[in-house]
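One letter stands for each residue in the lines below.
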Amino acid sequence: MSSKVYFTDMRTEEDDSLLKKLDRLVRAAGITDLDMDRKFVAVKMHFGEYGNLAFLRANYVRVLSDIIREKGGIPFLTDCSTLYVGMRKNGIEHLDNAELNGFNSVTAGCHVFIGDGLRGDDEVEIPVEGGVYVETAKIGRTIADADIVITLNHFKCHEITGFGGCLKNLGMGCASRRGKMELHASGKPEVDPDVCRGCGKCVKACAHEAIILDDGTAEIVRERCTGCGRCISACPFDAVSIAFDEESAIVNCKIVEYAKAVLAGRPGFHITVVADVTPYCDCHSENDVPIIPNLGMFASTDPVAIDRACVEMAQEQPVIPGSKLHGICGDVKPADIFSTVNPRTRWESHFEHSARIGMGDGRFELVRVG
Ligand code: SF4
Ligand code: SF4
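Here the structure is a predicted model, which is why all the values come from computation and not from measurement.

The rules behind the values
- Residues numbered from 1 in each chain as written.
- Chains lettered and ligands numbered in written order.
- Predicted model: local features only at pLDDT ≥ 70, side-chain atom pairs only at ≥ 80, totals over all residues.
- Helix = DSSP H or I, 4+ residues; strand = E, 2+ residues; numbered from the N terminus.
- Rg over C-alpha atoms; globule rule 2.2 N^0.38 Å.
- Buried ≥ 20, exposed ≤ 12 C-beta atoms within 10 Å, placed from the backbone.
- Contact = placed C-beta atoms within 7 Å.
- Near = placed C-beta within 6 Å.
- Nonpolar A, V, L, I, M, F, W, Y, C, P; charged D, E, K, R; others polar.
- Pairing = 2+ DSSP bridges.
- Axes fitted to C-alpha atoms, helices over the stretch in contact; angles between N-to-C directions.
- Expected span 1.5 Å × (residues − 1).
- Domains from an automatic or database assignment.
- Core = buried A, V, L, I, M, F, W, Y, C linked by C-beta atoms within 7 Å.

J.: What exactly am I supposed to notice about the overall build of the chain here?
T.: For the chain, the helix and strand inventory stands at 14 helices and 16 strands. The C-alpha atoms of the chain give 20 Å as radius of gyration, which agrees with the globular expectation for 370 residues (21 Å, within 12%). Oriented by its inertia axes, the alpha-carbon framework of the chain measures out at about 70 × 55 × 40 Å. Put simply, the chain has 370 residues, and 52% of those count as buried. The contacts in the chain between residues at least 6 apart in sequence include a share of 77% that link residues at least 24 apart.

Next up, the structure:
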């Protein structure tokens, strides 16, 4: 069985625009078939770390918000906070970052809610049916409470997962801090003794008495630590961090399981923009030259098929001179652009595992929309 994936390229005539093309694309793909009447509709996206300019603009969201309101729905824009130190590590700084990058109720046409609360621990546990690596996915409560989930995904390479698209936006992006710990790491957080100032805030934040202050420096008792990640956001000096030590293929399998949990029991619709395909995630506060030309916009109700369509069509694109990829391979295009840019990654595991757990292997039928 293959799923339909709708596609439009990035060419525009004078009396047209990419926003009008996006509107036509999502309507052709059936977004208005969703029963949105008086329903909370989450639009899940990545606001981009401040300094990065490759993330998707709020203008794309506005097109979706207008359609959701036209159908009687109540849209809101959302993302969950990060595990690593940056400008999106708690609910307040995350909102600041979103505003700095142009996301607000006027530009996006709806309010912005951080999905997992002030400290990244407002979550709901959702069982993963058929899960191999994860029993219950820890999902930001605001997203878990939505009636419908629409993902707006920026497709790019990724230093851990190989590529980042719909499954990553769903699986990793909707996870609470504890969920992200489970996805990213096989270990527990660590305190950098050179940065720790012994203020004790992490000790107070830990519900499991797993942190002791030894000679003015915090130390994590690994046997007691449950990996909730609360101490990471509690530390005002960014002294606590997690080792991102899980293998790429395993992270991808867990992401697929989390994505399945996010969509369980409610409708989903997915849009991916393949433009500014940078070597790394939008979590970076910088963005390098894109490795391939801007390709187009995709829409589908199948989160696996839309990722597969993006991957396969991206692989067919020429390499942009001056990019990291061109620096590696020159004018000889590699068979696999993703593992060439980020060699320790294995993107195929997304699709192998989605087939294994009953989400399909992403086979698709491409429908072109003008
Ligand atoms: S991760 Fe959670 S349980 Fe472990 S030390 Fe930090 S706050 Fe305590
Ligand atoms: S909150 Fe940070 S600085 Fe304060 S004791 Fe804990 S690790 Fe050290």
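J.: Looking at this structure, I do not really get the site of ligand 2. What am I missing?
T.: As a matter of local geometry, ligand 2 sits amid 14 residues, with C196, C199, C202, A218 and C235 nearest to it. Class assignment for the residues of the shell around ligand 2 results in 10 nonpolar, 2 polar and 2 charged.

J.: What's the story with the site of ligand 1 in this structure? I'm lost.
T.: Near ligand 1 you find 15 residues, and of these C206, A210, C225, C228 and C231 are the closest. Split by residue class, the shell around ligand 1 holds 9 nonpolar, 4 polar and 2 charged.

J.: Whenever I open this one, the sheet that holds strand β1 (residues 3-9) confuses me. Can you help?
T.: Backbone hydrogen bonds hold the strands of a sheet together, and the pairing may be parallel or antiparallel. If you walk across this open sheet you meet the 8 strands as β4-β3-β2-β7-β14-β15-β1-β16, and the pairing is mixed. Pairing within the sheet leaves two strands with one partner each, and these edge strands are β4 (111-114) and β16 (364-368). The average angle at which neighbouring strand axes cross in this sheet is 25°, direction not considered. Two strands pair when backbone bridges link them, and strand β3 (residues 74-79) and β4 are joined in this way by 4 bridges, in the parallel orientation.

J.: Mind showing me how you'd approach helix α11 (residues 303-315) here?
T.: An α-helical segment advances 3.6 residues per turn. Residues three or four places apart therefore align on the same side. The terminal C-alpha atoms of α11 lie 19 Å apart, and with 13 residues this matches the ideal 18 Å at 1.5 Å per residue to within 8%. Of all 13 residues making up α11, 10 are buried, and the element is well covered by its neighbours.

J.: Before we go on, may I ask you to explain helix α2 (residues 58-70) in this structure?
T.: Between its terminal C-alpha atoms α2 stretches 18 Å, which fits the 18 Å expected from 13 residues at 1.5 Å a residue. Those residues of α2 that sit buried are A58, Y60, V61, V63, L64, S65, I67 and I68. The inward-facing, buried residues of α2 abut α1 (18-28), β2 (40-44), β3, α4 (105-108), β7 (148-154) and β14 (268-274). Backbone geometry just after α2 places G72 at a positive phi near 85°.

J.: Please explain the domain arrangement of the chain as it appears in this structure.
T.: It is common to report an interface's size as the accessible area lost on association of the parts. Domain assignment breaks the chain into domain 1 (3-184 + 246-368) and domain 2 (190-241). When each unit is reduced to the centre of its C-alpha atoms, the spacing between domain 1 and domain 2 is 32 Å. Listed by partner, the interface residues are 10 residues for domain 1 and 8 residues for domain 2. Its residues assigned to classes, the side of domain 1 that touches domain 2 shows 3 nonpolar, 2 polar and 5 charged.

J.: Is there a simple way to think about the nonpolar core in this case?
T.: Soluble globular proteins tend to bury their nonpolar side chains together. The biggest cluster of nonpolar side chains holds 96 residues, and the ones touching the most others in it are V262 and F298. If you tally residues by element for this core, the top one is helix α10 (residues 248-263), at 9 residues. Look past the residues within four positions of F298 in its chain and what remains in contact with it is V5, Y6, F7, T272, V274, I306, A309 and C310. Core analysis: the second largest hydrophobic core is formed by 12 residues, C202, A218, C231 and V240 among them.

J.: Any chance you could explain the packing of helix α7 (residues 177-184) against α10 here in plain terms?
T.: Packed helices, taken two at a time, are described by the angle between their axes plus the distance between the axes. Orientation of α7 relative to α10, taken along the N-to-C sense of each, is 140°, at an axis distance of 8 Å. In this structure, α7 contributes G179, E182, L183 and H184 to the contact, and α10 contributes V251, K254, I255 and Y258.

J.: What am I meant to see in the pairing of strand β12 (residues 217-220) here?
T.: In regular strands, side chains alternate between the two faces of the sheet. Judged from the 4 bridges that link them, strand β11 (residues 211-214) and β12 form a sheet pairing that is antiparallel. Looking at the pairing, D214 lines up with T217 of β12. Count of turn residues in the β11/β12 antiparallel hairpin: 2 residues, of which D215 carries a positive phi of about 55°.

J.: Is there a simple way to think about unusual backbone geometry in this case?
T.: Most peptide bonds take the trans configuration, and most residues that are not glycine carry a negative phi. Residue E209 is not a glycine yet carries a positive backbone phi of 50°. Its place among the elements puts E209 in the loop between α8 (201-205) and β11. In this model, D215 sits at a positive phi of 55°, which is unusual for a non-glycine residue. Mapping D215 onto the fold places it in the loop between β11 and β12. The exposure class assigned to D215 is exposed, which follows from the 7 C-beta atoms found within 10 Å.

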